[in-house]
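# A look at the structure
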Amino acid sequence: MSLSAPGLDTALDTSTVVTARTGRRKAPRAGLRRRMSFDYVSFLLVFLGLPVAIFLIFVISPFVQAVYYAMTNWTGFSPDMDFVGVENFVRLFQDATFLQAMGNNVLLAIVVPLITIVIALVFASMITVGGPSHGQVRGLKGSSFYRVVSFFPYVIPAIVIAILWNMIYTPSGLLNGILGVVGIDTNEFAWLGDARTAMGATIFVIVWSMVGFYMVLFIAAIKGIPGETLEAARIDGAGRFRTVISIVLPQIRDNVQTAYIYLGILALDAFVYMAGLNSTGGPGNSTLVMSQYLFRTAFEKGQFGMASAMGVVLAVITLLFAAIVISVFRLVGGKDEGGRA
Amino acid sequence: MSLDTRAAVTIDPKAGARPTATKSTTSDKAVGGASHIVLAIWAIVVILPMLWTLIGSFKTTKEIFASPFGLPENWNFDNYVSAWIGNNFGGMFINTVIVVGVSLVLVMVLGAMCAYVLARFSVPGSRVIYYLVLAGLTFPVFLAIVPLFFILQGMSLLNTLPGLIITYVAFALPFTVFFLFSFFKSLPYEIQEAAYVDGASEWRTFFQVMLPMAKPGMAAVAIMNFLGLWNQFLLPISLNTDKSNYVLSQGMASYASSAGYALDFGEMFAAVIITIVPVLIVYIFFQRQLQGSVSQGTSK
């Protein structure tokens, strides 16, 4: 879930990237089995029962209910609802606006991770192996400054980032001001108000906010590569570029894959960014995403059955996306499977 | 931007391949210099909007429109005062502190307890719970949002701070449990056994022996959770629509959208700064731990 709750998700989901590896370890088997006593039973009831109850009531049961509501024509204001089967889904896939929103989401899910990861990887490589080409493989001097600065947007609330950039993009905002100083007269161009630039401007904002985090993640991964491996490559005559392509990339492939999945999930949601940049869906719905449409259908039109169906579609696309990324990565790098992990 | 950076890296493939050189070669300088330039440009791209906001928060709207770079004529806190009092960002700030503070304490305690049991005891069904937690991490919140609305309504918790708190706790639990699970798993069993031998109850063993040992992991998760909850947006805007209960993130959005282009920019900038300051403080103080916790998973 955290994957897509804006805000909560930016922090949570990305940080699970971190835990993904440790968590993959074998789940508990050799736990302690204790005698039944008042102490032990009360301990279990509170320690396990309380959190699990909260989790089941507020997280798992809504998920399950949503799947049921998706097959009803419920409007929420009357207790009666009819079971309509897959009718909601059929209508969704005939709804041009929804399809457009879905297309925008798919575009975001492909482009945002790609750009973010390429920039983050380039920066991380510069910082870790960009140092002198003799002796040990070293990083760039004074790189911690860049790390601290670029990580900063990650901690700012995504909605604030979006509103901030909304102001930067306004006709009299910072961007046109800078372009004016450089000598490009933009004629008070509204970057978010034009269907040609709205999507690009939006993508840039998401990339801007995420690059630092993934840079730090990749730096950590690259530092985890054994020094001997990098030195061996150097002795064999590999330059920095070659080292990055042939040694570093295959070694951190798992991290890149996880990053791709999490960024893609973020892009499939994108609600919080859109809410701050173009809350109405942008010119000609050019930046409308499914989550926005869902929110509107539920809380403005009150079509809760329909909105739940959209939620199901969103969830299915999210899972499909993860599955596709995993299989693509397996196909591409199948041979050196198990390089380090 | 991305194109530049790629070009900068590809400059050196041939030149860099001189392993026998003993001092900095020209190619070293070229690569180092180019890297510094590219990274510095990115740093500017990150800092400039922040700086613009900070300076703008002291300017009048007229000054902001006149020139994006000019300094304010007189530095005063007028915008902050009107945002804090006039637009009730002060009240929202307090709401946010209450909601985030209480949820954070609750989710850390509950999450640690749950992770501890799952990681160290063989309880029937613990596997199932573990997989449910994973599911909670994977599915989009948007799937849950409609039923959640009616569950809270049914409990008369809709549009109340306690309702928001319990939802925050529930949705932060999977991450907390998942992260702390591996942490508790890695703690030595001998110490737990020793506590039992010394006659400590299960409760005491946890609170006085195991929990203190888990401090580093708890700190890392708590920081992440603080940021995540402070920045939460979807849950408050759908489940907490009573204006007097607004939290900062939703207040910002509603202020920005209600005013549209007629927005008081100076005041908006001040509100942005008010929202950012707490996370900025956390970031500055815990910068090392935060980046450390990001790296933890990768270094195994």
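## A look at the overall build of chain B
Looking only at helices and strands, one finds 14 helices and zero strands in chain B. Each helix and strand of chain B, ordered N terminal to C terminal, gives the series α-α-α-α-α-α-α-α-α-α-α-α-α-α. In chain B, which comprises 300 residues, the proportion classed as buried is 46%. Excluding contacts between residues fewer than 6 apart, the proportion of contacts in chain B whose partners are at least 24 apart in sequence is 73%.

## Observations regarding the confidence of the model for chain A
Residue and element names in this part refer to chain A. Summarising the model, chain A shows a mean pLDDT of 83, and 84% of its residues fall at 70 or more. Within chain A, helix 1 (residues 8-23) has the poorest average pLDDT of any element, 39, and helix 4 (residues 96-129) the best, 94. Throughout residues 1-30 the model reports pLDDT below 50, and contacts reaching past four residues in sequence, or to other chains, amount to 110 contacts. Within the model, pLDDT remains below 50 along residues 337-341, and this stretch shows four contacts once partners closer than five positions in the same chain are excluded.

## Remarks on the environment of Ser286(A)
All names here are of chain A. Along the chain, the position of Ser-286 falls in the loop between helix 12 (271-277) and helix 13 (290-299). With 183 residues separating them in the primary sequence, Ser-286 and Gly-103 have C-alpha atoms 9.8 Å apart. Apart from residues no more than four positions distant in its own chain, Ser-286 is found in contact with Ala-195, Ala-198 and Met-199.

## Structural notes on the packing of helix 13 of chain A against helix 14 (residues 304-333) of chain A
Residues and elements named next belong to chain A. Contact geometry of helix 13 with helix 14 gives a least axis separation of 8 Å together with a crossing angle of 160°. Taken together, the axes of helix 13 and helix 14 are roughly antiparallel relative to one another. The interaxial crossing formed by helix 13 with helix 14 has left-handed handedness. For the pair helix 13 and helix 14, the contacting residues are Met-290, Ser-291, Tyr-293, Leu-294, Thr-297 and Ala-298 in the first and Phe-304, Met-306, Ala-307, Met-310, Gly-311 and Leu-314 in the second. Considering only residue class, the contact of helix 13 with helix 14 consists of nine nonpolar, three polar and no charged.

## Structural notes on the nonpolar core
In terms of nonpolar packing, the biggest core is built from 200 residues, with Ala162(A) and Phe218(A) touching the most fellow members. With 19 residues, the single largest contributor to this core is helix 8 (residues 198-223) of chain A. Summarising the domain contributions, this core has at least three residues from each of domain 1 (2-56) and domain 2 (80-299) of chain B. Excluding anything up to four places from it in sequence, Ala162(A) contacts Val205(A), Val272(A), Tyr273(A), Ala275(A), Gly276(A) and Leu277(A).

## A short note on unusual backbone geometry
Residues and elements named next belong to chain A. With a phi close to 55°, Ala-270 is a non-glycine residue in the positive phi region. Relative to the elements of secondary structure, Ala-270 occurs in the loop between helix 11 (253-269) and helix 12. Its 28 C-beta neighbours within 10 Å are what place Ala-270 among the buried residues. Phi at Asn-285 takes a positive value of approximately 55°, unusual for a residue other than glycine. With 19 C-beta atoms counted inside 10 Å, the residue Asn-285 sits in the partly exposed group.

So, how was this worked out
Residues numbered from 1 in each chain as written. Chains lettered and ligands numbered in written order. Predicted model: local features only at pLDDT ≥ 70, side-chain atom pairs only at ≥ 80, totals over all residues. Helix = DSSP H or I, 4+ residues; strand = E, 2+ residues; numbered from the N terminus. Buried ≥ 20, exposed ≤ 12 C-beta atoms within 10 Å, placed from the backbone. Contact = placed C-beta atoms within 7 Å. pLDDT = per-residue confidence, 0-100. Axes fitted to C-alpha atoms, helices over the stretch in contact; angles between N-to-C directions. Parallel < 35°, antiparallel > 145°, perpendicular 65-115°, else oblique. Left-handed = near helix turned anticlockwise from the far one by under 90°. Nonpolar A, V, L, I, M, F, W, Y, C, P; charged D, E, K, R; others polar. Core = buried A, V, L, I, M, F, W, Y, C linked by C-beta atoms within 7 Å. Domains from an automatic or database assignment.

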